[in-house]
Amino acid sequence: MSNRDIHVLVIGGSWAGITAVNELIKLSYGSSIRLHVTLVEQRTHYFHKTGVIRGLVDLKYAEKMFISYQRLFTDGNPYHRFVCAKLTHIYEDCVVVDGSGRLFYDYLIIATGSAYTSLPVTQSIDEKECRARYQKMRHAIESARVILLVGGGAVGVGMCCEIAEQYPKKCIILAHARDRLLNEDLSDNLSITTENHLRKLGVELILGETILSTSFQDDDDDDYSTLIHDDWVGKPQTVIARSGRRVPCDLVIWTTGSRPYTDFMNSLVPTNDKHPLVDVDSGLINVSPTLQLSDIRYPNIFAVGDVNSLPISEKYATSAIHQAKHTVKNIRQLIEESRDHRIKRPPTTSSETAPKAHLAPYTSPRNTQVVVALGKGTEVSSSIFSKFSSWASGGGRGRMYMLDKAEKMLNF
Ligand SMILES: Cc1cc2nc3c(=O)[nH]c(=O)nc-3n(C[C@H](O)[C@H](O)[C@H](O)COP(=O)(O)OP(=O)(O)OC[C@H]3O[C@@H](n4cnc5c(N)ncnc54)[C@H](O)[C@@H]3O)c2cc1C
């Protein structure tokens, strides 16, 4: 490797970002380059989003979900640092955080993941506010008699089982737009096993119904106001489906998906407007098989984890970890090939003339399985390569939702 300073910025301190940082720290030892590793994260603390459904019914678990970043850089290396700030703009050689501060980079790893707007606790960046919101959500569940969950993907199903196990006397209803639970890329067998398990827990399933809105009955008069709430509102309301069906309940929990964090991409200019940097429909960052931006004008920018355009079967913490490791290997190769991206390319540089490196494409780990949590002690799992294998078993991970792995990753 060359004898120079290389600045790598990692944006987002969760599975993808922290794995990348740990791999970069390893890379910085035993090499002649001075590797500056900076993690930029908007939160003051790591929040274990992956376990959010367990923490909703288990206060002891919830207490452990807030982990400090303090032990991440324990090596005392002055070139490794944590910056608590929000990325607001990206340019060709620097990023802007909190609207004003500039950080320069040679290589940039975007690992900003996605936001679950319907799970308010995942929105908070301040620990105190985050804890308060979590408490409010727990309270809303505790006090509701009839709870309707909208969305029967892995998150909705998992949350439904946790609540039904913890509160067997509550009436729990799960509505899903498809005729079968879970996403369509999974086998019917897996869906059927899941449906049977939910029915055994006493959950009422409403399948093939699209829920449109929630109406709150005004306390003073009999008017209904129609609203879809991000924050959980625990009071009598009626949910209306596209078919006209009305379902009365006390709390509606929307688990209808997430949206990637990519607003900051607007400042980066694509080579060709016909090939946007961010997919217009999904909001995901378009990447090539090497996990670099698909626009080859930016070979030094990578996007990993939930934020990139890899298929839905890759939207798992386990995949984010693999992708991050792969990315650092590719960055290592670029550094070894001495591609100094700080050298300004002439304005005429187009994607055709930009430097090309022959990096390894990312491949999913071969035996990747999709695991869907069905409460404390049960999960169903299926290989995404087999449309037929599915089974219900005791939760091998004791339904820790990878909290132990997160602690280890952050040196606790
Ligand atoms: C309820 C639930 C259960 C799940 N269960 C499992 C499971 O059992 N197994 C599994 O493998 N996966 C599971 N997943 C999926 C897994 O949590 C995600 O795939 C994983 O979190 C993706 O990691 P990431 O690092 O890409 O992004 P994220 O975890 O979303 O983290 C992104 C980070 O970037 C930060 N960030 C965002 N924007 C900015 C910005 N502008 N500036 C600075 N920082 C920013 C965020 O604050 C956050 O810390 C589950 C997900 C949910 C919601």
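Residues numbered from 1 in each chain as written. Predicted model: local features only at pLDDT ≥ 70, side-chain atom pairs only at ≥ 80, totals over all residues. Heavy atoms only, no water.

Inspection of the entire model under this criterion finds 10 salt bridges. The salt bridge involving D5 is made with R34; its shortest N-O contact spans 3.4 Å. Remark: R34 occurs in strand β2 (residues 34–41) and D5 occurs in strand β1 (residues 5–11); sequence separation between them is 29 residues. Overall, D5 belongs to the partly exposed group, its relative accessible area being 26%. (Salt bridge = Lys/Arg side-chain N within 4 Å of Asp/Glu carboxyl O. Helix = DSSP H or I, 4+ residues; strand = E, 2+ residues; numbered from the N terminus. Buried < 20%, exposed > 50% of the residue type's maximum accessible area, 1.4 Å probe, protein only.)

A separate point is the pairing of strand β7 (residues 94–97). Side chains C94 and V96 of β7 all project onto a buried face; the interleaved residues V95 and V97 project onto the opposite face, where all are buried too. With 3 bridges connecting them, strand β6 (residues 87–90) and β7 associate as antiparallel partners. Looking at β7, one finds that L87 is bridged to V97. Between β6 and β7, which pair antiparallel one after the other, the connecting turn spans 3 residues. Examined bridge by bridge, β7 and strand β8 (residues 101–104) share 4 bridges and lie antiparallel to one another. Residue C94 lies in a different strand from β8, and its bridge partner there is F104. Counting the residues between successive antiparallel strands, the hairpin from β7 to β8 contains 3 residues, one of them, D98, with a positive phi of roughly 50°. (Pairing = 2+ DSSP bridges.)

Before going further, it helps to spend a moment on the side chain of E23. With respect to the secondary-structure elements, E23 resides in helix α1 (residues 15–28). Of the residues examined, E23 reaches a relative accessible area of 19% and is grouped as buried. Among all residues touching E23, those that are not within four sequence positions of it are K325 and V328. (Contact = heavy atoms within 4.5 Å.)

Close to the ligand lie 30 residues; S14, E41, K49, T50 and L87 are nearest. Between S14 and the ligand, the recorded distance is 2.7 Å, taken from a side-chain N or O atom to an oxygen atom. Interatomic distance of 3.3 Å between a backbone N/O atom of W15 and an oxygen atom of the ligand. Isolated, the ligand exposes 1000 Å² of accessible area, and the fraction of that covered by the protein chains is 93%. (Near = heavy atom within 4 Å. Polar contact = N/O pair within 3.5 Å; in protein donor to acceptor, adjacent residues only side chain to side chain. Areas by Shrake-Rupley, 256 points an atom, 1.4 Å probe, with all protein chains shown as cover.)

When the terminal C-alpha atoms of helix α4 (residues 127–143) are compared, their 24 Å separation across 17 residues agrees well with the 24 Å that a helix rising 1.5 Å per residue should span. Of the positions making up α4, those classed as buried are C130, Y134, M137, R138, A140 and I141. All buried residues of α4 project into a common sector of 155° when viewed along the axis, lining one side. Turned more than 90 degrees off the buried face of α4, the exposed positions are K128 and S143. (Expected span 1.5 Å × (residues − 1). Arc of directions from axis to C-beta.)

For V146, the location among the structural elements is in strand β11 (residues 146–150). We classify V146 as buried; its relative accessible area is 15%. Here the alpha-carbon distance between V146 and D250, two residues 104 residues apart in the chain, equals 5.3 Å. Those residues in contact with V146 that lie beyond four places of it in its chain are C171, I173, P248, C249, D250 and L251.

For the rest of this paragraph, the subject is the layout of surface pockets. Over the atoms, a rolled probe matching the size of one water molecule traces out where space is still vacant. Size it by volume and the second largest pocket reaches roughly 350 Å³. Contributing to the lining of the second largest pocket are 16 residues, with T19, N22, E23, K408 and M409 lying nearest its centre. Counting residues per element, the ones that place at least two in the lining of the second largest pocket are α1, α7 (317–336) and α8 (403–409). Sort the elements by how many residues they give to the lining of the second largest pocket and α1 lands first, with 6 residues. (1 Å grid on protein atoms, 1.4 Å probe; cavity = no way out; pocket = protein on both sides within 12 Å on 5 of 7 lines; lining within 4 Å. Points joined across faces, edges and corners; volume = space filled by probe spheres on them.)

Strand order in the open sheet made by the 3 strands is β6-β7-β8, with antiparallel pairing throughout. Each of the sheet's edge strands pairs with one partner strand only, and the pair in question is β6 and β8. Here the average twist between neighbouring strands, direction ignored, is 30°. (Axes fitted to C-alpha atoms, helices over the stretch in contact; angles between N-to-C directions.)

Our focus in this paragraph is α1. For α1, with 14 residues, the first-to-last C-alpha span of 20 Å sits near the 20 Å given by 1.5 Å per residue. α1 sits mainly inside the fold: 12 of its 14 residues count as buried. Turning to α1, its buried residues are W15, A16, G17, I18, T19, A20, V21, E23, L24, I25, L27 and S28. Phi turns positive one or two residues past the end of α1, at G30, with a value near 70°.

Let us now look at the packing of helix α5 (residues 154–166) against helix α6 (residues 188–200). Orientation of α5 relative to α6, taken along the N-to-C sense of each, is 25°, at an axis distance of 10 Å. If you check the angle between α5 and α6, you find them roughly parallel. α6 is crossed by α5, and the crossing has left-handed handedness. Contacts from V157, C160 and C161 in α5 reach T194, H197 and L198 in α6. Taken together, the residues of the contact of α5 with α6 sort by class into 4 nonpolar, 2 polar and no charged. (Parallel < 35°, antiparallel > 145°, perpendicular 65-115°, else oblique. Left-handed = near helix turned anticlockwise from the far one by under 90°. Nonpolar A, V, L, I, M, F, W, Y, C, P; charged D, E, K, R; others polar.)

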